[in-house]
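Each chain, letter by letter, is given below.
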Amino acid sequence: MQTILTGVRVNEEPTLGNFLGAYTPMINLAHEHANDSNINMFIPDLHSFTTPIDHSKLYDQIIKGVKYYIAAGLDVESPNIHIYRQSHVPAHAELAWILDCFTPYGEASRMTQFKEKGAEHPDAVTVGLFNYPILMAADILLYDAKYIPLGEDQFQHLELTRNIAIRMNNKFDAPIFTIPASEAEQVKFMHLEKGLRIRSLTEPQKKMSKSSENERSKISLSDEPKHAAKKIMSATTDSEGVIRFDMVNQPGISNLLQIESLLSHRELQDVISDWAGQTSYGDLKRKVAESVEHFLADFQEKVSKISDKQVEQVLTKGELYANEVANQKLYEVQRYVGVRK
Ligand code: ATP
Ligand code: MG
């Protein structure tokens, strides 16, 4: 059975970008493939502190992260759906070390996110920040995951994962790891034309990021719905004065059209047809603000109905499964590298 896998870090409150870029495709794939695939949606909690965080809040964020996965629509009763914490499956960190030793430094140094995040936190560039794509490779390769629903910003790390897997399979002349599908295949599998990139509300040439310190740049999943609507109303647009879908010249307006299409479950082309040529940015903003407000109110109500007890049950089941699968793969790798007979 093939495995579909994804995770969203819990360093900060997840955003609408995470929801639309990672949760939504994963939930859609879970609905489509829960009979023929393992659906692994994990909390990459060891990735949470590659950049500085408030550690006293992390545990609660992790539990909330699990609630978000359930509220987003994962059917936790399904035997093929697995939710687990990376930190509770020690094989992730162990395999990451082995993969480190098969990753050329030069190749890891080319990761643009490291350069960007490093520039944002110049006083806190740690080895962990540099290394995190290799831990991410372990997260994927331990489970032989072929499809990894991700936002556009993560494709470079996926390519690194593929390279590491190919290199190790070649080195030991054995199909140790399943090679994750290429970017083009991933996008096709998600029924998209290309990877998604929801934009920052204040600097729409950049992506929306949960770690952004500018609260107005992002819609967090815990934002008070009316407050979130206000952020949409004050989103940065442009001075063209005509609505067009053009991510290069009108990224702010195009971002709003994209968000509207995803939240209203309508084809982007249909939403564009409704609005193209109109001149009132205010009308479009009001419509998107309404959709965001409605989405958040509904989502937050679902989250509030999930108990800590249910989270505990879901994690116990998921972590039992994950440890079994991951240890089997780790032991196999340990045999190839020569530390286990
Ligand atoms: P951070 O700023 O802390 O890196 P992030 O918002 O980039 O946070 P991640 O935890 O790094 O979130 O990524 C989780 C998932 O969400 C990944 O699949 C990533 O590609 C996706 N994602 C993140 N931001 C966006 C976005 N703006 N649009 C679409 N997908 C996104
Ligand atoms: Mg990120």
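Everything discussed here concerns the structure shown above.
Residues numbered from 1 in each chain as written. Chains lettered and ligands numbered in written order. Predicted model: local features only at pLDDT ≥ 70, side-chain atom pairs only at ≥ 80, totals over all residues. Heavy atoms only, no water.

**Student:** Quick one: what's the story with the overall build of the protein, residue by residue and with numbers?
**Tutor:** Across its full length, the protein carries 13 helices and four strands. Taken over the C-alpha trace, the protein has a radius of gyration of 20 Å; the compact-globule value for 341 residues is 20 Å, and the two agree within 12%. Projected onto the principal axes, the alpha-carbon positions of the protein cover approximately 70 × 45 × 40 Å. Across the 341 residues of the protein, 55% fall into the buried class. Taking all contacts inside the protein whose residues are at least 6 apart in sequence as the whole, residues at least 24 apart take part in 75%. For the protein, the exposed area adds up to about 15,800 Å²; of that, 51% sits on carbon and sulfur atoms. For the protein, the separation between the mean place of its 37 positive charges and that of its 46 negative charges on side chains is 2 Å. (Helix = DSSP H or I, 4+ residues; strand = E, 2+ residues; numbered from the N terminus. Rg over C-alpha atoms; globule rule 2.2 N^0.38 Å. Buried < 20%, exposed > 50% of the residue type's maximum accessible area, 1.4 Å probe, protein only. Contact = heavy atoms within 4.5 Å. Areas by Shrake-Rupley, 256 points an atom, 1.4 Å probe, with all protein chains shown as cover. Lys, Arg positive; Asp, Glu negative; His and termini not counted. Charge placed at Lys NZ, Arg CZ, Asp CG, Glu CD.)

**Student:** Give me the lowdown on the environment of D144, citing residues and values where you can.
**Tutor:** For D144, the location among the structural elements is in the loop between helix 6 (127–141) and strand 4 (145–147). Using a relative accessible area of 25% as the deciding quantity, one classes D144 as partly exposed. Taking C-alpha positions, D144 is 30 Å from M208, a pair spaced 64 residues apart along the chain. Those residues in contact with D144 that lie beyond four places of it in its chain are T3, I176, F177, T178 and K329. There is a polar contact of 3.0 Å between the side chain of D144 and the side chain of K329. (Polar contact = N/O pair within 3.5 Å; in protein donor to acceptor, adjacent residues only side chain to side chain.)

Function-wise, these values are silent; they only describe arrangement.
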